[in-house]
Amino acid sequence: MGKEEKTEAELEEMIAQRLVVGGVYVSVRRDALLGWRPMVITAPKHATYAQQLADEVATELRKKFVLKD
């Protein structure tokens with residue numbers, strides 16, 4: 001069974017809902033190696049932590065979803 005296709009906006013929302021850090025904007029972009037990857041935009045104080053969380057969530061979501069063309 002293939003992976004379900006999701007738009008950038010759908011993946012961004014799924015990741016943002018799982019992050020515990022407030023004031024975080026999530027952007028999903030196509031990646032040649034991984035298929036897609038998240039990038040977080042937030043206050044510098046929280047940037048490293050939020051990016052690590054987003055990457056962990058994305059690793060889990062990539063098992064189920066691919067980025068829609």
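The structure contained in this document is the topic of the report that follows. Here the structure is a predicted model, which is why all the values come from computation and not from measurement.

With respect to the packing of aromatic side chains
Here the structure, examined in full by the defined rule, presents zero aromatic pairs. Residue placement shows Arg62 over the ring face of Trp36; its charged tip is 5.0 Å from the ring centre.

Observations concerning the environment of Leu61
Within the secondary structure layout, Leu61 lies in helix 2 (residues 44–61). Residue classification places Leu61 among the buried positions, given a relative accessible area of 5%. C-alpha separation for the pair Leu61 and Met14, spaced 47 residues apart in sequence, amounts to 8.8 Å. The contacts of Leu61, once residues within four sequence positions are left out, are Met14, Ile15, Arg18 and Trp36.

Brief notes about the packing of helix 1 (residues 8–18) against helix 2
It is at 10 Å that the axes of helix 1 and helix 2 come closest, and there the two elements cross at 125 degrees. Considering their axes alone, helix 1 and helix 2 lie oblique with respect to each other. In terms of crossing hand, the pair formed by helix 1 and helix 2 is right-handed. Residues Met14, Ile15 and Arg18 of helix 1 form the contact with helix 2, whose own contacting residues are Ala54, Val57, Ala58, Glu60 and Leu61.

Describing the pairing of strand 2 (residues 25–31)
As judged from the seven bridges shared by strand 2 and strand 3 (residues 35–41), these two strands associate in the antiparallel manner. Across the sheet, Tyr25 pairs through a bridge with Ile41, a residue of strand 3. Counting the residues in the hairpin turn of strand 2 and strand 3 gives three residues.

Let's talk about helix 2
Along its 18 residues, helix 2 runs 25 Å from first to last C-alpha, staying within 8% of the 26 Å computed at 1.5 Å per residue. Of all the bends in helix 2, the greatest, near 25 degrees, is centred on Ala50. All of the buried residues in helix 2 are Ala50, Leu53, Ala54, Val57, Ala58 and Leu61. Taken together, the buried residues of helix 2 touch helix 1, strand 3 and strand 4 (65–67).

Reading the values: rules and limits
Within each chain, residue numbers correspond to sequence positions counted from 1 in written order. Owing to the predicted nature of the model, reporting of local features is limited to residues with pLDDT of at least 70; listing and counting of side-chain atom pairs is limited to 80 or more, with chain, interface and lining totals taken over all residues. Heavy atoms from the whole structure form the basis of all side-chain values; hydrogens and water molecules are not counted. Working definition: a ring pair exists when centres of Phe, Tyr or Trp rings (six-membered ring for Trp) sit within 6.5 Å. Plane angles under 30 degrees give stacked, over 60 give edge-to-face, the rest tilted. Look at NZ for Lys and CZ for Arg. If either is within 6 Å of the ring centre and within 35 degrees of the ring normal, a charge sits over the ring. The secondary structure listing takes helices from DSSP runs of H or I that are at least 4 residues long and strands from runs of E that are at least 2 residues long, numbered from the N terminus. Each residue's exposure class comes from its accessible area (1.4 Å probe, protein chains only) as a fraction of the maximum for that residue type: buried when under 20%, exposed when over 50%, partly exposed otherwise. By definition, residues are in contact when any of their heavy atoms lie within 4.5 Å. The axes are straight lines fitted to the C-alpha atoms, using for helices just the contacting stretch, and the angles between their N-to-C directions are given from 0 to 180°. Orientation is classified from the angle alone, with under 35 degrees giving roughly parallel, over 145 giving roughly antiparallel, 65 to 115 giving roughly perpendicular, and any other angle giving oblique. Left-handed describes a crossing whose near helix is turned anticlockwise from the far helix through less than a right angle; right-handed describes the clockwise counterpart. One bridge is not enough; two strands pair if DSSP finds at least two bridges between them. Helix span, as expected, comes to 1.5 Å for every residue beyond the first. Think of it this way: the bend at a residue is just the angle between two axes, each fitted to seven residues, one set ending at that residue and the other starting at it.

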